[in-house]
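# Remarks on the overall topology
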Amino acid sequence: MIRVSVVGAHGRMGSHVVQAVKNAPDMELALALDAGDDLAQITPENTDVAVEFTVPSAALDNVLALVKQGVNVVVGTTGWTEDKLNQVSAALTERPAQGVFIAPNFAISAVLADYFAKIAAPYFESAEVVELHHPDKVDAPSGTAIHTAQAIAAAREAAGMGLVPDATQSDNGSRGGVVDGIHIHAVRLRGLNAHEEVLFGNAGEQLVLRADSFDRSSFMPGVLLAVRKMAGDTYQGLTVGLDNFLDL
Ligand SMILES: NC(=O)c1ccc[n+]([C@@H]2O[C@H](COP(=O)([O-])OP(=O)(O)OC[C@H]3O[C@@H](n4cnc5c(N)ncnc54)[C@H](O)[C@@H]3O)[C@@H](O)[C@H]2O)c1
Ligand SMILES: O=C(O)C1=N[C@H](C(=O)O)CCC1
């Protein structure tokens, strides 16, 4: 049995993970901790993998503490900058047998939309990302949209493409955020859960890729897959993105 501890266990995602682990035939729940609990309770003696779904302001400290405790970590919390990722990698170089896995999105629909976006990117002059989420989300743009925009930008650069065309001279914020030259528009609407559209345009044509997570159950197969992968010793160091565990 894989012994799993959940950090952020009282949250929207954490509570789903607790239930998914309890329902998994090859896993058992070790500890379910939330804000104010001491993460030092999580040790290799009781936990094979810790799953972290908290808030962007707490995730780095939590991950560093869990690495120090000697357990492998699966992280779904967003807000990862290059600097924060480097801090995790640096902590792991001192503990080469350990691994941390971070995914901006565990839903297969979102992972595939990201993958298809990378393939489509070099073929279209214009590209923009629209992400739509529930209004209780604290960060914008979404971690998924940032990841998608970075992937599109990298694919465009590799193909030798220039900037996306845009004659806007003043926008009063209406053109959204910009990540690596790709515009991201964030919608927050009661009734929504997690959704993303990637828009690609050429003269006279458009391609739209859309991923919808209607329910948080959509993330659970990906979380459990990541837990199973990180329970072994194949994935040492830092791994980012569920595509690493799929045969794409
Ligand atoms: N990767 C994915 O597929 C995916 C999917 C959904 C949400 N998310 C991300 O997961 C994160 C959590 O989302 P949510 O909707 O569950 O949020 P939430 O606010 O419902 O839950 C966060 C939980 O973390 C707890 N918490 C806060 N600080 C803590 C700390 N220092 N230590 C331990 N627990 C702490 C809170 O008390 C709360 O119970 C967000 O960053 C969100 O964007 C990722
Ligand atoms: O509900 C959220 O919050 C989500 N956050 C992730 C993001 O920011 O990309 C994944 C989708 C749901």
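Everything numeric in this text was worked out from a predicted model, so none of it was measured.

### Regarding the domain arrangement of the protein
Domain assignment breaks the protein into domain 1 (2-102 + 216-245) and domain 2 (108-213). Here the C-alpha centre of domain 2 lies 27 Å away from the C-alpha centre of domain 1. With eight residues of domain 1 at the interface, the matching set in domain 2 holds eleven residues. With both chains or domains summed, domain 1 and domain 2 bury close to 810 Å², and 54% of this area falls on carbon and sulfur atoms. Among the residues domain 1 hides against domain 2, the three largest losses belong to Arg12, Thr78 and Arg216. Together they make up 42% of the total.

### What to know about the UniProt feature "active site" (unreviewed entry) in the protein
According to UniProt, the "active site" (unreviewed entry) feature falls on His133 and Lys137. Of the residues named above, His133 line the second largest cavity. Tracing the sequence through the fold places His133 in strand S6 (residues 126-133). Taking the relative accessible area as the measure of exposure, His133 reaches 9% and is therefore buried. Looking at His133, its side chain comes within polar contact range of the side chain of Glu131, at 2.8 Å. In this fold, Lys137 is placed in the loop between S6 and helix H5 (143-158). Among all residues touching Lys137, those that are not within four sequence positions of it are Thr78, Ser142 and Arg188.

### A few points about the environment of Glu197
Mapped onto the elements, Glu197 comes out in strand S9 (residues 194-202). For Glu197 and Ala145, which are 52 residues apart along the polypeptide, the C-alpha to C-alpha distance reads 9.0 Å. Excluding residues that lie within four positions of it along the chain, Glu197 makes contacts with Glu128, Val129, Val130, Val208, Leu209 and Arg210. Within polar-contact distance, the side chain of Glu197 engages the side chain of Arg210 at 2.9 Å.

### Overview of the packing of helix H1 (residues 12-23) against helix H6 (residues 220-231)
For the pair H1 and H6, interaxial distance at closest approach is 10 Å and the crossing angle is 65°. Where H1 crosses over H6, the two elements pack in a sense that is right-handed. Mapping the contact onto sequence places Met13, His16, Val17, Ala20 and Val21 in H1 and Met220, Val223 and Leu224 in H6. By residue class, the composition of the contact of H1 with H6 is seven nonpolar, one polar and no charged.

Reading the values: rules and limits
- Residues numbered from 1 in each chain as written.
- Chains lettered and ligands numbered in written order.
- Predicted model: local features only at pLDDT ≥ 70, side-chain atom pairs only at ≥ 80, totals over all residues.
- Heavy atoms only, no water.
- Domains from an automatic or database assignment.
- Contact = heavy atoms within 4.5 Å.
- Buried area = accessible area lost by both parts, 1.4 Å probe.
- UniProt positions renumbered as here; feature names shortened; annotations may be inferred.
- 1 Å grid on protein atoms, 1.4 Å probe; cavity = no way out; pocket = protein on both sides within 12 Å on 5 of 7 lines; lining within 4 Å.
- Helix = DSSP H or I, 4+ residues; strand = E, 2+ residues; numbered from the N terminus.
- Buried < 20%, exposed > 50% of the residue type's maximum accessible area, 1.4 Å probe, protein only.
- Polar contact = N/O pair within 3.5 Å; in protein donor to acceptor, adjacent residues only side chain to side chain.
- Axes fitted to C-alpha atoms, helices over the stretch in contact; angles between N-to-C directions.
- Left-handed = near helix turned anticlockwise from the far one by under 90°.
- Nonpolar A, V, L, I, M, F, W, Y, C, P; charged D, E, K, R; others polar.

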